[in-house]
Amino acid sequence: MATFVEKICFIILILIAFVSATKHSIIESKPCKRFVLYYHDILFNGTDVANATSARAANGTGLGNYQFGMLVVFNDPLTKDHHLLSPAVGRAQGFFFYDMKDDYTAWFAYTLVFNSSEHKGTLNIMGADLMYAETRDLSVVGGTGDYFMARGICTFKTDTFQGANYFRLQMDIKLYECY
């Protein structure tokens, strides 16, 4: 009986050693890459074809007063500063939809496609945007090029909001896994 208990204890020790050896430790205070970009969204209002960078793909359901169910597809410019006419370093391409009947919140899924000499490749971002909060964190779930398999956090902060047709987000991107 003692040998059976010893074998079980030995197996448990091996499993504990294996799990602790493969566990990653992420120190949130020290990202391996960090940069700030501004995301500019101009919603198509039926007349501004030349300037629009996003459009409704599905209208809201009519449940509640918060556009619940409305789907917006976008191809928005990214700049290093808050000026819309600054040179773009890339595009944010993807979609968001309003996902609550009783408040303004949205769920985003998009790719940052870079076209500058400073940034090469893509970053994939997704998550909930609780618009009423001052800052909101979305997940960086991967990337290509300079950001191959990157993981981290993209913190949204509304920089300006001009009705339903234009908003600008400050995106503070912190990567904690860089290869």
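Cut-offs applied
Residues numbered from 1 in each chain as written. Predicted model: local features only at pLDDT ≥ 70, side-chain atom pairs only at ≥ 80, totals over all residues. Heavy atoms only, no water. Salt bridge = Lys/Arg side-chain N within 4 Å of Asp/Glu carboxyl O. Helix = DSSP H or I, 4+ residues; strand = E, 2+ residues; numbered from the N terminus. Buried < 20%, exposed > 50% of the residue type's maximum accessible area, 1.4 Å probe, protein only.

Caption draft 1: Highlighting the pattern of salt bridges. A complete count under the given rule lists five salt bridges for this structure. Note that Arg34 and Asp172 form a salt bridge whose closest N and O atoms lie 2.5 Å from each other. Taken together, the residues Arg34 in strand 1 (residues 33-42) and Asp172 in strand 9 (residues 166-177) connect sequence positions 138 residues apart. With relative accessibility at 54%, the residue Arg34 sits in the exposed group. Between Glu118 and Lys80 there is a salt bridge, and its shortest N-O distance comes to 2.4 Å. With Glu118 in the loop between strand 5 (106-115) and strand 6 (120-129) and Lys80 in the loop between strand 3 (71-79) and strand 4 (90-98), this residue pair connects regions lying 38 residues apart in the sequence. Residue class for Lys80 comes out partly exposed when judged on its relative accessible area of 48%. Linked through salt bridges whose partners overlap, the residues forming this network are Arg34, Asp172 and Lys174.

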